Amino acid sequence: MRTRTGAGAVTALLAIACLSACTPQSWEHDSAPAPTKTVRPAALDRFAGFFEDEPIPEGASAMRGSFGPAGQVGPQGWHNQNGAAAEYSVTVSCAGAEIVDFWFSEADAIDHRSAPTGSIRCPSSATTLLTTSTQSWIIELDSRGEAGAYLVTATPAV
């Protein structure tokens, strides 16, 4: 009788090791599954796209959007750096929030400690003249923490 040694024995051992390693194993769970993190869907913004279909006057610059969904509401601003030093007819329209305050400034920032340039009760629009001496100006809107939508148009006054 002949006994296998050397390379043949190593090959047989590798084959046995591979078969035991490749055989599917049955796993039993002795403990409860790990807790999963609950992901809440993003809050719906019922004012998203509210003014999307409103026409913009020819030659006007515009900013439109929402103040954010409930719980995530914040002021909105527009820094127009493409304007010219001129007089503008600015119309602010709003919906949803009870009151929207607005500020106009030629500076790089709005001082919210100062009184707003104006306030409007929603839903409505207000038009005012804005005279600038620089090409850059800022408009900011604040819905006082309420959800809502806005549309601002600025047209050079004729």
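Definitions and limits used
- Residues numbered from 1 in each chain as written.
- Predicted model: local features only at pLDDT ≥ 70, side-chain atom pairs only at ≥ 80, totals over all residues.
- Heavy atoms only, no water.
- Buried < 20%, exposed > 50% of the residue type's maximum accessible area, 1.4 Å probe, protein only.
- Helix = DSSP H or I, 4+ residues; strand = E, 2+ residues; numbered from the N terminus.
- Pairing = 2+ DSSP bridges.
- Phe/Tyr/Trp six-rings, centres within 6.5 Å; stacked < 30°, edge-to-face > 60°.
- Axes fitted to C-alpha atoms, helices over the stretch in contact; angles between N-to-C directions.

### Some points on the pairing of strand β5 (residues 118-121)
Burial along β5 is one-sided: the residues G118 and I120 are buried and none of S119 and R121 is. Relative to β5, strand β4 (residues 99-105) runs antiparallel, the two sharing four bridges. When the bridges of β5 are listed, D101 appears paired with S119.

### Some thoughts on the side chain of N80
Mapping N80 onto the fold places it in strand β2 (residues 76-80). Residue class for N80 comes out buried when judged on its relative accessible area of 6%.

### Focus on the packing of aromatic side chains
All told, the structure shown has six aromatic pairs when counted by the stated rule. The interplanar angle of 80° and the centroid separation of 5.0 Å between the aromatic rings of F50 and F51 together place this pair among those described as edge-to-face. Measuring from centroid to centroid gives 5.2 Å for Y88 and W137, while their planes differ by 50°, and the two rings are tilted. Here Y88 is found in strand β3 (residues 87-95), whereas its partner W137 is found in strand β7 (residues 137-142), with 49 residues between them in sequence. Each of the two residues, Y88 as well as W137, counts as buried. Aromatic ring contacts, followed pair by pair, group F47, F50 and F51 into a single cluster.

### Description of the sheet that holds β3
Strands in a sheet are paired, the pairing made by backbone hydrogen bonds, and the direction either parallel or antiparallel. Spatially, β1-β8-β3-β6 is the arrangement adopted by the four strands of the open sheet, whose pairing is antiparallel. Each edge of the sheet is formed by a strand with only one pairing partner; in this case those strands are β1 (61-66) and β6 (124-131). Averaged over all adjacent pairs, the angle separating strand axes in this sheet is 15°, with direction ignored.

### Here's the deal with the pairing of β3
In terms of burial, β3 is largely enclosed, as seven of its nine residues are buried. Here β3 pairs with strand β8 (residues 149-156) via eight bridges, running antiparallel. Bridge pairing in β8 places S89 opposite T155.

Spatial relationships are all this shows, so hold off on functional conclusions.
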